[in-house]
Amino acid sequence: MTNGKGQVTFVSGFSKKTKAEKLDWISQQFHNPSQALEVLHKYNHNDQALQTLHDEFIENALTNFYMPLGVAPNFIINGKTLTIPMAIEESSVVAAASNAAKFWSTKGGFNATIIGTEKVGHVHFMYHGDTQKLNIFFEQCRAVLLASTDEITRNMRSRGGGITALSLVNKSDAIPDYYQLDVRFETQDAMGANFINSCLEQLGTTLKALAAKHADFSEKEKAIEVVMSILSNYVPNCMVEAVVSCPVNELLANPKDSSLFADKFVQAVNIAAVEPFRAVTHNKGIMNGIDAVIMASGNDLRAVSAGIHAHAAASGQYQSISKAEIKDGVFKFSLSVPLALGTVGGLTKLHPLVCWCHELMGTPNAQELMQIVAVAGLAQNFAAVKSLVTTGIQQGHMKMHLLNILNQHQATEVEKKSAIAHFKDCNVSHHTVADFLAKLRSV
Ligand code: MEV
């Protein structure tokens, strides 16, 4: 929005203003300030304590940005029935997850297995000198480096976590003089970003200090430059696998249809393994499920997405992250996905709706949450590919989108009711809905 001259005005010290001053300033950037303010007020919570909690999550908070929270019931995961919370705005996602849950509930449900829980981070540094001398220095200093993090790791160690490995990596082939401290972590039920970054920053500081007084180093070698110390959101050793399988002839009511369906399904997944254009959309379908649960569970959507796409591209070509096969008459569909999640820390114990979602899921620990999220991704992928290779995606998608189109046309509740009845057996599109409403309104 603009100040009416096609440009937002410049403001200094915005973050220092009170919330009322911020609202006043921002509303002046709109053609109709009172209307702009009213929209923000509408989304502000009446419960002042709850609003303050949200305002304090970020800087310059003006109001809340709502997202629907839905649930997909009837998931069977490792033999246990579960209702999965999903925070997402896309019309058909929760319906698709629910359909997939119901479909597999009569075929043994979903199985999920933790492959690993290792997190990773690096101290990226420059060392100008003899690599062999750096190797010797590192081996001599390893214990002191680790000991320098003792204060930070104490609590985590008492919970069974901490630093699990520390190594020196020579990256000078890629960039002259570039080396890393590669650090592996176990963070139990915490996602661990703050813990990992604190450890890494301490390791970087200790590394620099030890190098500066290392007798065998020349002046140049003593001057290690720490470029940055940061966790990686690429966590290939923090993996979970979700699987569904059943005899091919039990997939659909008719065994002949089942066999055709299974073949086509496997072909579709194989296409996503070799064709990046399809792989991106295929994985987007998986992310529909994953993101919605990540959001509902108060975890970091951006971290998870970045890591998953890195995993999808790990072979050098972007590929599907799910696999389908038919072996000895059994259809198997699986998803392996890196997920660094937490069930303590961050928003998980702070955001009332997030707490509600955790309770709905049976207060999972981090590994159980990884399993639930992976299953949601696999379910979503199954529902999408099933539609794609049978009816096509639009039929189900547009049915679910009908209410959005009706709302765009400001349909009344009565109009919505007759539209829903009418479009039960008709194609939904923007123009068929517009025509239907025009006809309805003309009588
Ligand atoms: C739409 O949100 C997701 C799909 O495009 C996924 C897919 O094509 O597999 C339907």
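Residues numbered from 1 in each chain as written. Predicted model: local features only at pLDDT ≥ 70, side-chain atom pairs only at ≥ 80, totals over all residues. Heavy atoms only, no water.

1. Details of the packing of aromatic side chains
For the coordinates displayed, the defined rule picks out 19 aromatic pairs. Seen from their ring centres, Phe103 and Phe382 are 5.0 Å apart, and the 45° between their planes marks the pair as tilted. With Phe103 in helix α4 (residues 93-105) and Phe382 in helix α13 (residues 366-389), the pair connects residues that are 279 residues apart, well separated along the chain. In this structure, Phe103 and Phe382 share a single accessibility class: buried. Taken together, a centroid distance of 5.7 Å and an interplanar angle of 80° make the contact between Tyr127 and Tyr179 edge-to-face. Taken together, the residues Tyr127 in the loop between β4 (119-126) and α5 (131-147) and Tyr179 in strand β6 (residues 178-186) connect sequence positions 52 residues apart. (Phe/Tyr/Trp six-rings, centres within 6.5 Å; stacked < 30°, edge-to-face > 60°. Helix = DSSP H or I, 4+ residues; strand = E, 2+ residues; numbered from the N terminus. Buried < 20%, exposed > 50% of the residue type's maximum accessible area, 1.4 Å probe, protein only.)

2. What about the nonpolar core?
Inside soluble globular proteins, nonpolar side chains tend to come together where they are buried. In this structure, Phe75, Ile290, Phe331 and Leu339 are the most contacted members of the largest nonpolar core, which totals 65 residues. By residue number, the principal contributor to this core is α13, which donates 13 residues. With sequence-adjacent residues up to four places away left out, Ile290 is seen in contact with Val304, Ile308, Val337, Leu339, Val373 and Gly377. One finds Tyr127, Cys141, Leu203 and Phe217 within the second-largest nonpolar core, a separate group that totals 27 residues. (Core = buried A, V, L, I, M, F, W, Y, C linked by side-chain atoms within 4.5 Å. Contact = heavy atoms within 4.5 Å.)

3. Examining the domain arrangement of the chain
Each assigned domain of the chain is listed with its residue range as follows: domain 1 (1-66), domain 2 (69-114 + 240-390), domain 3 (119-231) and domain 4 (397-442). If you look at the interface, domain 2 gives nine residues, while domain 3 gives five residues. With both chains or domains summed, domain 2 and domain 3 bury close to 520 Å², and 64% of this area falls on carbon and sulfur atoms. Three residues stand out in domain 2 for area buried against domain 3, namely Ala340, Val344 and Ala366, and they jointly supply 55% of the buried area on that side. Viewed at the interface, domain 3 and domain 2 are joined by zero salt bridges. Taken together, the connections running from domain 2 to domain 3 amount to three residue pairs in polar contact (both at pLDDT 80 or more). Split by residue class, the side of domain 2 that touches domain 3 holds five nonpolar, four polar and no charged. (Domains from an automatic or database assignment. Buried area = accessible area lost by both parts, 1.4 Å probe. Salt bridge = Lys/Arg side-chain N within 4 Å of Asp/Glu carboxyl O. Polar contact = N/O pair within 3.5 Å; in protein donor to acceptor, adjacent residues only side chain to side chain. Nonpolar A, V, L, I, M, F, W, Y, C, P; charged D, E, K, R; others polar.)

4. A word on the pattern of salt bridges
Scanning the model with the defined rule gives 12 salt bridges in all. Note that Arg184 and Glu118 form a salt bridge whose closest N and O atoms lie 3.0 Å from each other. Linking Arg184 in strand β6 with Glu118 in the loop between β3 (111-114) and β4, this pair joins segments that are 66 residues apart in sequence. Under the relative-accessibility criterion, Arg184 is labelled partly exposed at 22%. Relative accessible area serves as the criterion here: at 24%, Glu118 is assigned to the partly exposed category. Through salt bridges with shared partners, a single ionic network connects Glu118, Asp182 and Arg184.

5. Description of the site of the ligand
Inspection of the region around the ligand gives Glu90, Arg278, Thr281, His282, Lys284, Gly285, Asn288, Ala384, Leu388 and Ile393 as its neighbouring residues. Separating an oxygen atom of the ligand from a side-chain N or O atom of Glu90 is a distance of 2.5 Å. In this structure, an oxygen atom belonging to the ligand sits 2.6 Å away from a side-chain N or O atom of Lys284. In isolation the ligand has 290 Å² of accessible area, and contact with the protein removes 83% of it. (Near = heavy atom within 4 Å. Areas by Shrake-Rupley, 256 points an atom, 1.4 Å probe, with all protein chains shown as cover.)

6. Some points on the environment of Glu151
Position of Glu151 relative to the elements: it lies in helix α6 (residues 150-158). C-alpha of Glu151 to C-alpha of Pro85: the two residues are 66 residues apart in sequence and 37 Å apart in space.

7. Observations concerning the packing of helix α9 (residues 255-274) against helix α10 (residues 276-296)
Direction vectors running N to C along α9 and α10 enclose 115°, while the axes themselves pass 6 Å from each other. Classed by the angle they form, the pair α9 and α10 counts as roughly perpendicular. For the pair α9 and α10, the sense of crossing is left-handed. Of the residues in α10, those in contact with Val269, Ile271, Ala272 and Val274 of α9 are Pro276, Arg278, Ala279 and His282. Looking at the contact of α9 with α10 residue by residue, the classes come out as six nonpolar, one polar and one charged. (Axes fitted to C-alpha atoms, helices over the stretch in contact; angles between N-to-C directions. Parallel < 35°, antiparallel > 145°, perpendicular 65-115°, else oblique. Left-handed = near helix turned anticlockwise from the far one by under 90°.)

8. Looking at the pairing of β6
Of all nine residues in β6, eight are buried; the element is thus mostly enclosed. For β4 and β6, the ladder comprises eight bridges, and the chain directions are antiparallel. Following the sheet pairing, Val123 is matched in β6 by Leu181. (Pairing = 2+ DSSP bridges.)

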